[in-house]
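Survey of secondary and tertiary structure
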Amino acid sequence: MKTSDFILPPCDCPECCQAGVTDRERRRDPYTGVVLHGFALRRWLDAQAQFTRQARAVVGGRGRHASGLERVAGRDPGEDDE
Ligand SMILES: [Zn+2]
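Residues numbered from 1 in each chain as written. Predicted model: local features only at pLDDT ≥ 70, side-chain atom pairs only at ≥ 80, totals over all residues.

1. Details of the overall build of the protein
Tallying secondary structure elements over the protein gives three helices and three strands in all. Beginning at the N terminus, the succession of helices and strands in the protein can be written as β-α-β-β-α-α. Expressed as a percentage of the 82 residues in the protein, the buried residues total 6%. Taking the contacts inside the protein whose residues are at least 6 apart along the sequence as the reference set, 12% of them involve residues at least 24 apart. (Helix = DSSP H or I, 4+ residues; strand = E, 2+ residues; numbered from the N terminus. Buried ≥ 20, exposed ≤ 12 C-beta atoms within 10 Å, placed from the backbone. Contact = placed C-beta atoms within 7 Å.)

2. Here we look at helix α2 (residues 38-59)
With 22 residues, α2 extends 32 Å between its outermost C-alpha atoms, agreeing within 8% with the 32 Å of an ideal straight helix rising 1.5 Å per residue. With one of 22 residues buried, α2 is to be regarded as a mostly surface element. (Expected span 1.5 Å × (residues − 1).)

3. Considerations on the confidence of the model for the protein
This prediction gives the protein a mean pLDDT of 81; 72% of its residues lie at or above 70. When mean pLDDT is compared element by element in the protein, helix α1 (residues 14-19) scores highest at 97, while helix α3 (residues 70-74) scores lowest at 52. (pLDDT = per-residue confidence, 0-100.)

4. Side note on the sheet that holds strand β2 (residues 26-28)
Taken in spatial order, the three strands line up as β1-β2-β3 in an open sheet, and their pairing is antiparallel. Two strands bound the open sheet, and with one partner strand each, they are β1 (7-8) and β3 (35-36). Summarising the sheet, β2 and β3 pair through two bridges and their orientation is antiparallel. Along β3, the bridge assignment pairs R28 with V35. (Pairing = 2+ DSSP bridges.)

See the structure below:
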């Protein structure tokens, strides 16, 4: 599947307005195929932000790629940068 199958344009339905996510791209749950919006999208975004904070705390800042998370999976402890 392409990225565009999982990330969709923002929605401005009443629930998305109430949840404050009208400026955020919607996400498709890869397991159920349901497109998240409104409060479900708010919970997904909050969980993603929390994961990113915790992962950065573990690896110490950004890595070489935009996500900054590759060092979690790809490096041995004590390995030098470049
Ligand atoms: Zn919506």
